[in-house]
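Coordinates in review
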Amino acid sequence: ASGSQMSWRRLNFLFRKLISALCSVERPLALFFDDLQWADDRCMELLSALMERDHLQELDDNDGTNCLFIGSFRSNETNDNLLSHFDIFEQSTLVDVTKIELGGLAKVESNNMISEVLRLPARLTSPLNELVQRKTTGNPFHIIHFMQSLVKDSILNYSLSDKRWVWDIEAVKSTSIDKTVLELLARKLSQLPGNIVDGLKVLSCLGPKVDDTIMKYLYTSPESRNEFIACLDLAVGENILEKSGDSAYSFVHDMLKQSAYAVMSEEEKGEKHFWIGMHLIANASADTDEFNAIIFSIVDQINAANTYGVTEEASHMNFAELNLKAGKTSIDVSDFQSALSYMKAGVSLLNGWQDGEYYDMSLQLYETAALVSYLNTDIGLMQQYLEILFENAKCFEDRLHGYLVMIQSLLSNGKHVEAMKKILFILQELGESISINATPKEVYIELMSTKALLDTISPADVINGKRMADKWLRWRLRFLQLLNTPLYMLQPHAIHVTACRTVKLSVEHGFCSDSAVGLQIYGFGVLNIQNDVEECLKWNHTALSLVKSLGAKQMIPRVTTNVNILAYWKEPLQAKIESLKENHHELLMVGDLEILPLNAIHCCRQSLLCGRNLQTAQKECAALLHEMHQLRQMNALIGMISNHLSILKLIGSNYDSEEPLFRLLGNSEIHSLDELLQFCKSNRLVGPTQQCYFDRLMLAFWSKNYEEAAQYAEKYSECHQTRRFPDLFQTFYQGITAFRLVRLEDEKSREWADVGKNALSKYQTWVNYSDWNWENKMLLLEAESHACIGELEMAKSKFQASIDSAQKHRFVHEEGLASELFGMFYEENGNKEEAMQQYSHARSCYQKWGAFALADRLNTAS
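Quick caveat: nothing in here was measured; it's all calculated off a predicted structure.

1. Description of the overall build of the protein
Within the protein, the secondary structure is distributed over 44 helices and 7 strands. Dimensions of the protein, computed from C-alpha atoms along their principal axes, come out at roughly 120 × 75 × 50 Å. Considering the protein as a whole, with its 862 residues, one finds that 53% of them fall into the buried category. Here the contacts in the protein between residues at least 6 apart in sequence split such that 69% fall between residues at least 24 apart. With an accessible surface of roughly 38200 Å², the protein has 49% of that area assigned to carbon and sulfur atoms. Across the protein, the centroid of the 82 positively charged side chains sits 2 Å from that of the 112 negatively charged ones.

2. Quick look at the sheet that holds strand β5 (residues 209-210)
Taken in spatial order, the 3 strands of this open sheet run β5-β7-β6, and their pairing is antiparallel. A strand with exactly one partner marks an edge of an open sheet, and here the two such strands are β5 and β6 (241-244). Contacts from helix α10 (residues 194-206) reach β5, β6 and β7 (248-251) within the one sheet, and its direction differs from that of β7 by about 85°. Contacting β6 and β7, helix α12 (residues 222-237) runs over the sheet at an angle of about 115° to β6.

3. Observations concerning the packing of α10 against helix α13 (residues 254-262)
The geometry of α10 relative to α13 is characterised by a closest axis approach of 8 Å and an angle of 110° between their N-to-C directions. With respect to their mutual orientation, α10 and α13 come out roughly perpendicular. Between α10 and α13 the crossing geometry is left-handed. Between α10, through L200, K201, S204 and C205, and α13, the contact on the second element is made entirely by K257, A260 and Y261. Residues belonging to the contact of α10 with α13 are distributed by class as follows: 4 nonpolar, 1 polar and 2 charged.

4. Digging into a negative patch on the surface
A cluster of like negative charges, contributed by E707, E745, D746 and E747, occupies part of the molecular surface. Mapped onto the fold, D746 is located in the loop between α38 (727-742) and α39 (749-766). The exposure class assigned to D746 is partly exposed, which follows from its relative accessible area of 31%.

5. A few points about the pairing of strand β4 (residues 164-167)
Here strand β3 (residues 156-159) runs beside β4; their pairing, made up of 4 bridges, is antiparallel. Opposite L156, over in β4, you have W167 as the bridge partner. Where β3 folds back on β4, the antiparallel hairpin that results is connected by 4 residues, among which K163 adopts a positive phi of roughly 60°.

6. Looking at the nonpolar core
Among the nonpolar cores identified, the biggest contains 240 residues, and L200, F479, W702, Y733 and W849 are the most heavily contacted of them. No other element matches helix α33 (residues 634-651), which puts 11 residues into this core. With near-sequence residues (within four places) excluded, L200 lies in contact with L189, L192, A235, I240, L241, F251 and A260. One finds I19, C23, L29 and L31 within the second-largest nonpolar core, a separate group that totals 16 residues.

7. Digging into a nonpolar patch on the surface
A cluster of nonpolar side chains, namely F32, L68 and I70, defines an oily patch on the protein surface of about 290 Å² accessible area. Here F32 lies in strand β1 (residues 29-33).

Thresholds, definitions, all that
- Residues numbered from 1 in each chain as written.
- Predicted model: local features only at pLDDT ≥ 70, side-chain atom pairs only at ≥ 80, totals over all residues.
- Heavy atoms only, no water.
- Helix = DSSP H or I, 4+ residues; strand = E, 2+ residues; numbered from the N terminus.
- Buried < 20%, exposed > 50% of the residue type's maximum accessible area, 1.4 Å probe, protein only.
- Contact = heavy atoms within 4.5 Å.
- Areas by Shrake-Rupley, 256 points an atom, 1.4 Å probe, with all protein chains shown as cover.
- Lys, Arg positive; Asp, Glu negative; His and termini not counted.
- Charge placed at Lys NZ, Arg CZ, Asp CG, Glu CD.
- Pairing = 2+ DSSP bridges.
- Axes fitted to C-alpha atoms, helices over the stretch in contact; angles between N-to-C directions.
- Parallel < 35°, antiparallel > 145°, perpendicular 65-115°, else oblique.
- Left-handed = near helix turned anticlockwise from the far one by under 90°.
- Nonpolar A, V, L, I, M, F, W, Y, C, P; charged D, E, K, R; others polar.
- Patch = residues over 30% accessible without salt bridge, like charges linked within 9 Å, V, L, I, M, F, W, Y side chains within 5 Å.
- Salt bridge = Lys/Arg side-chain N within 4 Å of Asp/Glu carboxyl O.
- Core = buried A, V, L, I, M, F, W, Y, C linked by side-chain atoms within 4.5 Å.

Take a look at the structure:
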């Protein structure tokens, strides 16, 4: 089904984590996947996810492989898509694949089988075996059931006079067998007593397995339940069912389940589903835990009956309400694909918008259907539901949930201006007039007045204090927070105005989950304006505690995103990569597509800047990039494509071979980074434009094109409206660049020296927050500063200290950078031998990082 990417990615992630948790060297795991010929593309993607490099690394350790995957399928029932997946597995260099073809039994083998069963010499059973082979192609399952049918039809009998099994060879010849054996099995079932067949029909409608949880609602009296169980026990004796535990029954083979279902006519199937559904409804008390536990079973049966046209039209409204309940329950457990299925069924049963007593249900069905359509990226269907909702909603309030979905969809597709206009209109209707064109001075005044207000309360007052009860105020806060996304892209400084307004409303009227985002963005504001790291971190962590205290499950991953992003101030950069990746999946679990792109961008950005192996970073970023494309998150694509191409450039890959990446944008005018940058500028996308400039700066810096790096550092600064994570690296790159340009001794040398000193001053402050992240960079800036003014011994000491610090804190890329600059220092001062040693060490570090383009450049230079 279209639009199921999120559900499947959540399933892939959780299944991989389950497998990783279950297997170890002490407890190796074997997984058997049967009947893969029925697997669709999604199921094969799940299997493929288990074969991905990072998951295989989780499963393996120094002692070897801990997991064995076994798959079986019927080669005569496969399709080209399935076979292509198998070919990929066989060609993989990550796993050892052994292919075992199991054909039908050879004549000798099947004859030995029949001979042993009939207790006769093989020469006597050979004529019978010839016919059995011809009709079953040696399939053991077919042979068994064909032989059983011969016994049932008295073609194969035990002769008391001959004291052996005998058969009518001509009758065997005339006995036909369907290739799928369904007719054979159906005939076998038809020969069973009627009560057993009825029990099997019920079981086939319920699924592959049934236990006492369902049986007690279908058969409420002990007598009827015992009678049903007795029938199932008889089927167990006939090798049709198998029993596990005291009361769980399942078919021994899926073909038997198909046969039991196939013996019913279309009308009988519908009636049987309807009978099951109605009995479950009648015998499970509504709105109880027991009823909620079987809600999916109830609705599945009713919907199946409706498919066959066997439902009472008078009950359709009740059935629509049950689908609404099942859909909302699916959303609660993050199963958005099933939720959409239930919403479609509910809307169908509703048979068009209903006013009067069913107005509220119609409203909930259509707004929920629109939401899950959006979460499943079925935008066309979402628009259909919203159109009907907006046309029939009686008042502005009834349209608000629909507006939320519509605006989130616009933002996902990069329509920031249109989304912002709609949000401002809705806020005005809600009584909230807010200026998004505030000057920097006005933003500063707003932040300072908000700070003064927050200084009067403590984090505990927020976490345990008054809650916002007014629903209209809560709606205002919801849309104020929604406004942050387009503002971040178009007018980043203005997000502090919405944050301050949110905080002030919350302090006055009580806090809610959306207050948390306001507190966080206020924190970003004081960091941006006053460089107050402690104030920023305090309110960000308070925000996270607030949503946890409120039990706001949907908001926790969103607020955690900002906490993870800010963690670089005090926590090792490398440590937060896994936190960002885990939170990415949490965002998918709750369906938060609004903040998901921000988390994905930071995951990719930090992978590149923290010194993570570039091949690993490239694969992870490519996976996230294509996921954002599948989820139609255009906000994320621009920055992620620019970041991804920077990684490829450092690795040594050619841009031209990566042109398909630009096609993900769906814009035929963009084929290069230059055109991507021009697109951002022409559409006034401030944030993405700044990201593109940063990547240009970074590549120029690592390539030692310092004049070009200086130009892009300046362009980056011109875009600056609010502090971002790359700012700290822009300061570092610009500082080193400035000190290198001082050596040109031209008219701008003094200006460059001031730029370098400014960068060094900032790092001397920042290192107090985290020596792990910033010490090696500060030391390298100090080394370059000393080198510029001829303090050679101090410069040597600082260069070596920077190398040692980078090595200690696992920044292999910056260890290489310090060594390369140390080598340049030695070369500039006439010590070629020491320079070569440093260049050699730098080259080794770049190779470990995976930056082969940089290593090759050093090879050429030396």
